[in-house]
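# Analysis of the macromolecular model
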Amino acid sequence: MSNQRARQLLQSKSITIPTLPAVVQKVQHLLEDPNTGAKELGDVVASDAPLAAKVLKIANSAYYGLRERCLAPQHATAVLGVRVLRNVVTQAAVIGKYDHLKGSSFDLNALWKHSILVAQACSFLGKRCRAAIGLSGDELYVCGLLHDLGQVVLLDCMKQDYIDVVDFARERNLPLYAAEIERLGFGHTDVGHVVAQQWGLPPQIGNAILLHHGTREEIASDPVVALVANVNLLVHRVTEGNLGAAATAFDASIQSILGIQATDVTDLVQFVDKAKASVVV
Ligand SMILES: [Fe+2]
Ligand SMILES: [Fe+2]
């Protein structure tokens, strides 16, 4: 769906596109200056206590494997580096923005866990790609993190009406995306795409969000789409405990688009299977 058509449709259904959290804007702005140091960035995070607590929880999680516990954002920035910290702040701020939705019958915690696993897995696999894919590991992380954000935006705007769509999908045994198209005329992919544009994310990130449930041709049309769509599939299969099926998530043509081998996919399955127990939301 074209972006203009998506925006019209969303407007007609009173779906408002969220703004980029102010702290992420501030961090982005600071990072445009190459002289910005760890202390300045840490100070911005430290000025928002609930955010700082979330940032430290993420920075001290198993994924980053720090040898010593960070007790201050300035320390976390120094140890992890400013680019990694930008991702940590984005994760903390975007998830924190929707804390008010906790407690509904929509399992938001499970969706964030899934999103973080996809983010970690995209970044892991990005390092194995021998083909040029055009995005850094940090950018792939953000792409994975936000690929299903459209679901959260729809839940926030539509409340019970969106939960009805989720229930409809479950009752009919339909993929959620198909149920959204049937009931709403657009999917969480369209919503996520508009958000990515609004937030000024690189076009390849927006495109991967838009097409992660696309046709075979759409998925094979761009290496980042191929990576995110198939990582999403693999993570779902690992989470369901189906490791054998997970290992076949990337077929030979997708492997060649990404410049990866079967062993890279097996390693990714193991990585996700191990990581799933220690994801921190
Ligand atoms: Fe999705
Ligand atoms: Fe997903």
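This one's a predicted model, so the numbers in the text were calculated from it and none came from an experiment. (Residues numbered from 1 in each chain as written. Chains lettered and ligands numbered in written order. Predicted model: local features only at pLDDT ≥ 70, side-chain atom pairs only at ≥ 80, totals over all residues. Heavy atoms only, no water.)

### Some details on the overall build of the chain
Along the backbone of the chain there are 18 helices and zero strands. Judged by the C-alpha coordinates and their principal axes, the chain covers about 50 × 45 × 30 Å. Counting every position in the chain, which comprises 281 residues, the buried fraction comes to 49%. Within the chain, contacts between residues separated by at least 24 positions form 66% of all contacts whose residues are at least 6 apart in sequence. Entry remark: accessible area of the chain is about 12900 Å², with carbon and sulfur atoms responsible for 51%. (Helix = DSSP H or I, 4+ residues; strand = E, 2+ residues; numbered from the N terminus. Buried < 20%, exposed > 50% of the residue type's maximum accessible area, 1.4 Å probe, protein only. Contact = heavy atoms within 4.5 Å. Areas by Shrake-Rupley, 256 points an atom, 1.4 Å probe, with all protein chains shown as cover.)

### Quick look at the coordination of the iron ion (ligand 2)
By definition of the ideal shapes, a tetrahedral metal site with four donors has angles of 109.5 degrees and an octahedral site with six donors has angles of 90 or 180 degrees. Surrounding the iron ion (ligand 2) are the protein donor atoms His 114 (NE2), His 147 (NE2), Asp 148 (OD) and Asn 232 (OD1), which sit 2.1 to 2.3 Å from the metal. Around the iron ion (ligand 2) sit four donor atoms; with metal-centred angles ranging over 80 to 175°, the donor geometry is irregular. Donor residues for the iron ion (ligand 2) sit on one chain with the sequence pattern H-x32-H-D-x83-N. Between the iron ion (ligand 2) and the iron ion (ligand 1), a separation of 3.8 Å is found, and both are coordinated by Asp 148. With His 147 in the loop between helix H8 (137-146) and helix H9 (149-158) and Asn 232 in helix H15 (residues 223-239), this pair connects stretches of sequence that are 85 residues apart. A relative accessible area of 0% means that His 147 is categorised as buried. (Donors = N, O, S within 2.8 Å, 3.2 Å for Na, K, Ca; no water. Tetrahedral: all angles 85-135°; square planar, octahedral: opposite > 155°, others 65-115°.)

### Things to note about the coordination of the iron ion (ligand 1)
Distances from the iron ion (ligand 1) to its protein donors, Asp 148 (OD), His 188 (NE2), His 212 (NE2) and His 213 (NE2), fall within 2.1 to 2.2 Å. Expressed as a motif, the donor residue spacing for the iron ion (ligand 1) is D-x39-H-x23-H-H. Classification of His 188 by relative accessible area gives buried; the value is 1%. Look at His 212 and you get buried, because its relative accessible area is 3%.

### A few points about H15
Here H15 is 17 residues long and its end C-alpha atoms lie 24 Å apart, about the 24 Å a rise of 1.5 Å per residue gives. Buried residues dominate H15, accounting for 13 of its 17 residues. Just beyond H15, the residue with positive phi is Gly 241, at close to 85°. (Expected span 1.5 Å × (residues − 1).)

### As for the domain arrangement of the chain
The domains assigned to the chain are domain 1 (19-97) and domain 2 (102-281). Relative to domain 2, the C-alpha centre of domain 1 lies at a distance of 24 Å. Between domain 1 and domain 2, the residue contacts involve 15 residues of the former and 15 residues of the latter. Of all residues in domain 1, the largest losses of buried area upon contact with domain 2 belong to Tyr 63, Asn 87 and Ile 95, amounting jointly to 38% of the total for that side. Joining domain 1 to domain 2, the criterion identifies one salt bridge. In this structure, Arg 83 and Asp 138 form a salt bridge, with 3.2 Å as the shortest nitrogen-oxygen distance. Taken together, domain 1 and domain 2 are joined by four residue pairs in polar contact (both at pLDDT 80 or more). Here the side of domain 1 that touches domain 2 gets seven residues from one element, more than from any other, and that element is helix H6 (residues 82-97). (Domains from an automatic or database assignment. Buried area = accessible area lost by both parts, 1.4 Å probe. Salt bridge = Lys/Arg side-chain N within 4 Å of Asp/Glu carboxyl O. Polar contact = N/O pair within 3.5 Å; in protein donor to acceptor, adjacent residues only side chain to side chain.)

### Comments concerning the packing of H15 against helix H18 (residues 262-275)
Where H15 contacts H18, the two axes come as close as 10 Å, and the packing angle between them is 50°. Between H15 and H18, the crossing angle belongs to the class labelled oblique. For H15 against H18, the interelement crossing comes out right-handed. In contact with Val 231, Leu 234, Val 235 and Val 238 of H15, H18 contributes Val 265, Leu 268, Val 269, Val 272 and Asp 273. Here the residues of the contact of H15 with H18 sort into eight nonpolar, no polar and one charged. (Axes fitted to C-alpha atoms, helices over the stretch in contact; angles between N-to-C directions. Parallel < 35°, antiparallel > 145°, perpendicular 65-115°, else oblique. Left-handed = near helix turned anticlockwise from the far one by under 90°. Nonpolar A, V, L, I, M, F, W, Y, C, P; charged D, E, K, R; others polar.)

### A short note on the pattern of salt bridges
Applying the stated criterion to the full structure yields eleven salt bridges. When the shortest N-O distance is used, the salt bridge between Arg 128 and Asp 264 registers 2.9 Å. Taken together, the residues span a long stretch of sequence, with Arg 128 in helix H7 (residues 108-128) and Asp 264 in helix H18 at a distance of 136 residues. Residue Arg 128 is classed as partly exposed on the basis of its relative accessible area of 27%. Residue class for Asp 264 comes out buried when judged on its relative accessible area of 3%. Here Asp 273 ties to Lys 276 by a salt bridge, and the two come within 3.1 Å at their closest N and O atoms. On the basis of relative accessible area, Asp 273 is assigned to the partly exposed category, the value being 29%. Residue Lys 276 is classed as partly exposed on the basis of its relative accessible area, which comes to 32%. In the salt-bridge network here, residues are joined through shared partners; they are Arg 128, Arg 130, Asp 264 and Asp 267.

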